[in-house]
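# Commentary on secondary and tertiary structure
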Number of protein chains: 2
Amino acid sequence: MLKSLNTSSVFHIFGYLILMLGLMLFLPLVISFIYSDSSTMGIILSILISIFTGFLIVKFTKKNSELSIRDGFLVVGLGWLIIALFGALPFYLSGAIPSFTDAFFESMSGFTTTGASILSDIEALPKALLFWRSFTHWIGGMGIIVLSLAILPMLGIGGMQLFKAEVPGPTADKLTPRVKNTAKILWIVYVGITAVEVVFLLFGGMDLFDATCHSFATMATGGFSTKNTSIAAFNSTYIDFVITFFMFIAGVNFALHYKFLIGKFNSYWDDAEFKTYMFLTIGISLIITFSNYFAGVFNSLFESFRHGLFQTVSIGTTTGFGTHDYETWTSVSQILIFILMFIGGSAGSTGGGMKVIRLIVVIKQGLIELKKLLHPNAVISLKVGKRVIPKDVTFSIIGFFLLYVFLFILVSISMTFLGLDIVTAAGTSAACLGNIGPGLGMVGPTENYGFIPAIGKWILSIAMMIGRLELYTVLVILTGGFWRKR
Amino acid sequence: MLKSLNTSSVFHIFGYLILMLGLMLFLPLVISFIYSDSSTMGIILSILISIFTGFLIVKFTKKNSELSIRDGFLVVGLGWLIIALFGALPFYLSGAIPSFTDAFFESMSGFTTTGASILSDIEALPKALLFWRSFTHWIGGMGIIVLSLAILPMLGIGGMQLFKAEVPGPTADKLTPRVKNTAKILWIVYVGITAVEVVFLLFGGMDLFDATCHSFATMATGGFSTKNTSIAAFNSTYIDFVITFFMFIAGVNFALHYKFLIGKFNSYWDDAEFKTYMFLTIGISLIITFSNYFAGVFNSLFESFRHGLFQTVSIGTTTGFGTHDYETWTSVSQILIFILMFIGGSAGSTGGGMKVIRLIVVIKQGLIELKKLLHPNAVISLKVGKRVIPKDVTFSIIGFFLLYVFLFILVSISMTFLGLDIVTAAGTSAACLGNIGPGLGMVGPTENYGFIPAIGKWILSIAMMIGRLELYTVLVILTGGFWRKR
């Protein structure tokens, strides 16, 4: 049975979140001092507001014993929204982004690791705010890894129950102790890999600032760059391949990284989702490479491969970095890139989209239905790797797939109501729901979301959040049943 | 257990089908005499080939006791292909369509009630062949009604088992007796309504030839017209509304028409699928009407409604007649029209697409998954109207939905390989798989499929057939298990 909502405890957590955000803002403040840029006062103000608000909330609510599942939904669903609201303050209060709608869009895009921007001149932003943009990605990525490997499995969302106990930790029913332990382990991995990428990028000639910002955005599969032309600005084959490699890593289930690091060297190869993810990446990047090469988009096969692989991984992992404008590529390349937007990364990674594992289950279920026509009474179980997927999990995953498709259509329709053409509407919808960033049409890789009407930016911001939180987490809060008193 | 294939019996049926086709060709032959057009020799040749081939096959195969389910799949899946091949002969042998690929495309488009054409100048075709185009629709429509209400329910395909015993007839397990009875009843309804439409169109000033051809195409939700500009050519509000009405009727489950005609006057209103179909039609046509009107596409609200309603019903029922070029409409209208291509008509109608009932089940299942998150142990059954849908039927319907989406993507991708842009590729794929006719991009309502490379025409022809035969019927034949000896 459902317990009643523990509102005080939930707000207590929100209070801490806002407090933490205030503390995190000291980092961009330091950057602001170093570069003595124009955002100092805005950041100080944001810190004061956040710490004061957070402090008040923590003070006037009390931590109660433990959280119910319903409380968990509320913490996750509203927590991201609240963080994005406060995270928008530095952009807005510094005057760098004069519209609050835009500031909120940029902040939500950051924390959801989407990377869609309203900025037409990114490089005009004060350094401290460039840093903050990348940092929001990184924080969001941290949140997502813990969410998808420790919290969602317990809430039983969209098949994430498959990942129960993927990562060690006390298996008590209570949410808190397990989460803390799992989180610690995963964050060490996350921080470690990020640090390695920074070093690699420094070797490629990036300065520490750019290397850090891009590593944040890579590991979170975010996509915000400090440059107007994204990764293309560095014009370096070495940097392209380093970032390709780390984006690929970021799109892998972090539980596998953990297992690998503690000595289970077969962890990747034993994982059906990883294998599919890898073969998909290789297959699609090769098709794109040859398609573009033979159509004369690139003069050398190597250049075609370099950009084809980069873009396949960038969109497939839902990062959204760019080295070349894929809207100038062949239609084969474009449609594959569009499809990649829906597939997304692996479950338990920082990647968005539907996730590879769900695609596997959904396709296998389709094939089972076909077999059943010939053998109506046969009991055929759905296996992924050596693992049998229970029927209710299959239903849950298919439900997720359906909901994803419906939301994609719904957001697309709402965008056409704002006057966007069909391709752009579908592009914004896919790119925001899947947390990618660049889309198609007027929001292609060389364009931005600035021109979209304010209401559209709010819809897309919410779409980013819904997509990021595996749909159900947000949608369940919107159902009447969630709030009914009992 | 599966019985072994009864190849001789199956071919016996094919022989009869080809013979029947030969006999049906006497109708266009008569038309050809009346108008003394250039197709006479071609049609006579087609008749001779068909009757001779059919006769030979019937002669050298024997009718065996009864057909197994597997035989049933083969009859349906290959039968349509064979009919389309022979149905292409008059176009090809008369020289009116010089490429056999094109002739086959046109014929398959006819028998699958799609209405996609390779002709740029329709009116240049000899009258007899114009008649034959429309007649292939009508025959295809007849086939589909019987298939979906009498054969597919027994094969248990994509949830069609829901319609078991919707229409009276002996309920023995054997395929043949039940089919014959059901077919007779349904065909009387089909012929009757077609005749009524002819009369109504005559009143609108159409000549008998055009009235007949357009009634054939309407009741089959086909879409072939005898005019280059489709229904717009008649420039008559009366004709627009008459055809709108009959297209709507053709998109309704024919079992409901039957029930209504034998005095069960609540048949429509008691049916959940009908209600959804009606409200969808009304809702979408009103949105399109206002969207176009306020955007200034039409000067008068009435004109906007006339064309908005016509196009909503035409695409929603997958007919594909046109009175106005919807590619000049607002993006809201265009995206809704594109979505209508997927929804399609009701099950048991001549309409294609996914069918309204499947949409209902799929959406309800998504909502159930949402409820389950809050009540993990609750048993929530899926109801449509007062009827509980069994779990295996739900799975079967969802499987259909998934397969439809995958096929749509697959055909779209294959079209981009032929150099089509993304929008056109998606347009051809949706329009052929859903048996609509006109699509988007370069295959919009004022364009045709002539420019598509030959291989693309074959792919799209097969897509039409797969879509028309509820996917599984064709796909199951392509599985290895189907042909395995035992």
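In this convention, every chain numbers its residues from 1, walking through the sequence in written order. Think of it this way: whatever chain is written first is A, whatever ligand is written first is 1, and the rest follow in order. In keeping with the model being predicted, local features are shown solely for residues with a pLDDT of at least 70 and side-chain atom pairs are shown and tallied solely at 80 or more, while totals for entire chains, interfaces and linings include all residues. Processing note: side-chain calculations cover all non-hydrogen atoms of the structure and skip hydrogens and water entirely.

## Things to note about the packing of aromatic side chains
Residues and elements named next belong to chain B. Two aromatic rings, drawn from Phe, Tyr or Trp (for Trp, its six-membered ring), form a pair once their centres lie within 6.5 Å of each other, and the interplanar angle then sorts them: stacked below 30 degrees, edge-to-face above 60, tilted otherwise. Under the defined criterion, the tally for this structure stands at 71 aromatic pairs over all chains. For the ring pair phenylalanine 248 and tyrosine 277, a centre distance of 4.6 Å and an interplane angle of 20° mean the geometry is stacked. Taken together, the positions of phenylalanine 248 in helix α10 (residues 237-250) and tyrosine 277 in helix α12 (residues 272-294) put the pair 29 residues apart, joining distant regions of the chain. Of the two residues examined, phenylalanine 248 and tyrosine 277, each falls in the buried class. Runs of H or I in DSSP of at least four residues are treated as helices and runs of E of at least two as strands, each being numbered from the N terminus. Between buried and exposed lies partly exposed: a residue is buried under 20% and exposed over 50% of the maximum accessible area for its type, with that area taken using a 1.4 Å probe on protein chains only.

## Observations concerning the confidence of the model for chain A
Residues and elements named next belong to chain A. The score called pLDDT rates the predictor's confidence residue by residue, from a low of 0 to a high of 100. Chain-level pLDDT for chain A is 89 on average; 94% of the residues reach the 70-or-more range. Here residues 169-175 scores under 50 on pLDDT; set against residues more than four positions off or in separate chains, the count is ten contacts. Both confidence scores are given for the complex: pTM 0.91, ipTM 0.89. Here a residue-residue contact requires only that any non-hydrogen atoms of the pair lie within 4.5 Å.

## Some points on the domain arrangement of chain A
Residues and elements named next belong to chain A. Marked domain ranges trace back to an automatic or database domain assignment. Under the domain assignment, chain A is made up of domain 1 (1-166 + 452-486) and domain 2 (173-416). Look at where the C-alpha atoms of domain 1 and domain 2 centre, and you get two points 23 Å apart. Counting residues at the interface gives 54 residues for domain 1 and 56 residues for domain 2. As used here, buried area is the combined drop in accessible area, with a 1.4 Å probe, of two parts when they are placed together. Summed over both sides, the interface of domain 1 with domain 2 buries roughly 4700 Å², with 68% coming from carbon and sulfur. Basic side-chain nitrogens of Lys or Arg form a salt bridge, by our definition, when they fall within 4 Å of a carboxyl oxygen of Asp or Glu. Scanning the region where domain 1 abuts domain 2 turns up two salt bridges. Among the salt bridges present, the one from glutamate 470 reaches lysine 355, with a minimum N-O distance of 3.1 Å. Polar contact is defined as a pair of N or O atoms within 3.5 Å, subject to the rule that within protein one atom must be able to donate a hydrogen and the other to accept it, and that residues adjacent in sequence are counted only when both atoms are side-chain atoms. There are 16 residue pairs in polar contact (both at pLDDT 80 or more) connecting domain 1 and domain 2. Where the side of domain 1 that touches domain 2 is concerned, the elements lending two or more residues are α6 (100-111), α7 (127-155), α18 (454-468) and α19 (472-478). If one sorts the elements of the side of domain 1 that touches domain 2 by residue count, α7 sits on top with 18 residues.

## Here's the deal with the packing of helix α1 (residues 7-24) of chain A against helix α2 (residues 26-34) of chain A
Residue and element names in this part refer to chain A. Axis separation between α1 and α2 bottoms out at 4 Å; the angle between their running directions is 20°. Between α1 and α2, the angle is such that the two are roughly parallel. For the pair α1 and α2, contact is made by Gly22, Leu23 and Met24 and by Phe26, Leu27 and Pro28, respectively. Gly falls in the polar group here, along with every residue not listed as nonpolar (Ala, Val, Leu, Ile, Met, Phe, Trp, Tyr, Cys, Pro) or charged (Asp, Glu, Lys, Arg). Grouping the amino acids of the contact of α1 with α2 by side-chain chemistry returns five nonpolar, one polar and no charged. Lines fitted to the C-alpha atoms define the axes, with helices restricted to the stretch that makes contact. Angles between their N-to-C directions range from 0 to 180 degrees. Note on angle classes: values under 35 degrees are labelled roughly parallel, values over 145 roughly antiparallel, values of 65 to 115 roughly perpendicular, and the remainder oblique.

## As for the relation of the copies chain B and chain A
Here the copies are matched by least squares. The fit uses the C-alpha atoms of residues with pLDDT of at least 70 in both. Rotating chain B by 180° and translating it 0.0 Å along the rotation axis places it on chain A, where the RMSD comes to 0.0 Å. Those values place the two copies in the arrangement expected of a two-fold rotation axis. Taken together, the interface assignments show that 100% of the residues at the interface of chain B recur at the interface of chain A, consistent with an identical surface on both copies.

## What about the pattern of salt bridges?
Residues and elements named next belong to chain A. Under the counting rule described, the total for this entry stands at 14 salt bridges over all chains. Here glutamate 106 ties to arginine 133 by a salt bridge, and the two come within 2.9 Å at their closest N and O atoms. One end of the pair, glutamate 106, is in helix α6; the other, arginine 133, is in helix α7, with 27 residues separating them in the sequence. Members of the salt-bridge network, linked through shared partners, are Asp240, Glu303 and Arg306.

## A look at the packing of α1(A) against helix α3 (residues 40-60) of chain A
Residues and elements named next belong to chain A. Remark: α1 packs on α3, axes separated minimally by 7 Å, with the N-to-C direction vectors making an angle of 155°. The angle between α1 and α3 falls in the class roughly antiparallel. Remark: the crossing between α1 and α3 carries left-handed chirality. Contacts between α1 and α3 involve Phe11, His12, Gly15, Tyr16, Ile18, Leu19, Leu21, Gly22 and Leu23 on the former and, on the latter, Ile47, Ser50, Ile51, Thr53, Gly54, Phe55, Ile57 and Val58. Residues that form the contact of α1 with α3 fall into these classes: eleven nonpolar, six polar and no charged. When the near helix sits turned anticlockwise from the far one by under a right angle, the crossing is termed left-handed; a clockwise turn instead gives a right-handed crossing.

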